[in-house]
Amino acid sequence: MKKLFYSTFTAVTFFFCSDFSIAQNGVAINTTNANANPSAMLDITSTTKGALVPRMTTTQRDAISSPATGLLIYNTTTNHFNYYNGSAWTTAIGATGATGATGATGSTGATGVTGATGATGATGATGSAGTTGQASTDTYGSSSLTSFSSTTFTVIPGLTQTITVPSSSVLRISANGGFYTNSTSSSGSTTLDIAIVIDGSTPTNGAWQRFTAANTAGVANMIANFAMTKSASLSSGSHTIDVRVKYISGSSATVGGDNTTVLQGTLSIAVLKL
């Protein structure tokens, strides 16, 4: 009886002392006991604190079972917000600003009373020029590497781009895709290394990760997905960027594919003008 009394007292005390209120149509969290806005199911008000969404790694994110469309997390592997668009996890990236408008031309002055031509009005100032040289391009997987077991880095078919980098710019490179183990054993697996390669060289820091597809619970040919992002400051001129894979251990694998398979990868490169 004492335990029941203390539990009930604690629950009642928490309910009356917490800084939130529950209205008929929504929940409000604030320090003024104000009701939630009628248009909101959850209304949080503060000038000193923010709201935190769940934080997790890419591996933890990909382990979420049947994510709902619109599900939002913060990816601590890439330091980006990710949301599920109904078929895949997507990185939230802001849109590129619009080009400034050109100023209007001034009107021509009226003709004088004595017949003299009025002065021509001044031309309006020209709007600031939009940023030039910025671009964003995607390439997609075109075929699969089947029975793959090479210990040498090999380009995943289709995931390569050759671009001309302007001066005073930086590249934002993102890559994703998938592979599955060819093992049919209930305990079989495949481990691969995948990297973003610039001009034939693997990166000194980042963009080189290890992934494992492991059969569990009697399910064979398990799939592993990869995703990585890297910023790169390169000299102006032509550069080739691709995504490569090499075998580490386990059974052979089927890596990448075209648009008929969920293994198809994407290589995205954005040129950001400084």
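What you see is a predicted model, and the numbers here were worked out from it, not measured in a lab.

### Here's the deal with a nonpolar patch on the surface
- A surface patch of nonpolar side chains, amounting to about 270 Å² of accessible area, comprises Ile29, Leu42 and Ile44.
- Relative to the assigned elements, Leu42 resides in strand β3 (residues 42-44).

### Description of the side chain of Thr58
- Within the secondary structure, Thr58 is located in helix α2 (residues 58-62).
- Setting aside chain neighbours within four positions, we find Thr58 in contact with Asn75, Thr77 and Thr78.

### Focus: the confidence of the model for the chain
- Across the chain, the average pLDDT comes to 85, with 78% of residues at or above 70.
- Within the model, pLDDT remains below 50 along residues 1-18, and this stretch shows one contact once partners closer than five positions in the same chain are excluded.

### Here's the deal with the packing of aromatic side chains
- This structure, assessed with the given rule, holds four aromatic pairs.
- Taking 5.1 Å as the distance between ring centres and 70° as the angle between the ring planes, the aromatic pair formed by Phe153 and Trp208 counts as edge-to-face. Residue Phe153 is found in the loop between β9 (145-148) and β10 (154-165), and its partner Trp208 is found in strand β13 (residues 208-214); the two are separated by 55 residues along the sequence.
- Given a relative accessible area of 18%, Phe153 falls into the buried group.

The rules we used
Residues numbered from 1 in each chain as written. Predicted model: local features only at pLDDT ≥ 70, side-chain atom pairs only at ≥ 80, totals over all residues. Heavy atoms only, no water. Patch = residues over 30% accessible without salt bridge, like charges linked within 9 Å, V, L, I, M, F, W, Y side chains within 5 Å. Areas by Shrake-Rupley, 256 points an atom, 1.4 Å probe, with all protein chains shown as cover. Salt bridge = Lys/Arg side-chain N within 4 Å of Asp/Glu carboxyl O. Helix = DSSP H or I, 4+ residues; strand = E, 2+ residues; numbered from the N terminus. Contact = heavy atoms within 4.5 Å. pLDDT = per-residue confidence, 0-100. Phe/Tyr/Trp six-rings, centres within 6.5 Å; stacked < 30°, edge-to-face > 60°. Buried < 20%, exposed > 50% of the residue type's maximum accessible area, 1.4 Å probe, protein only.

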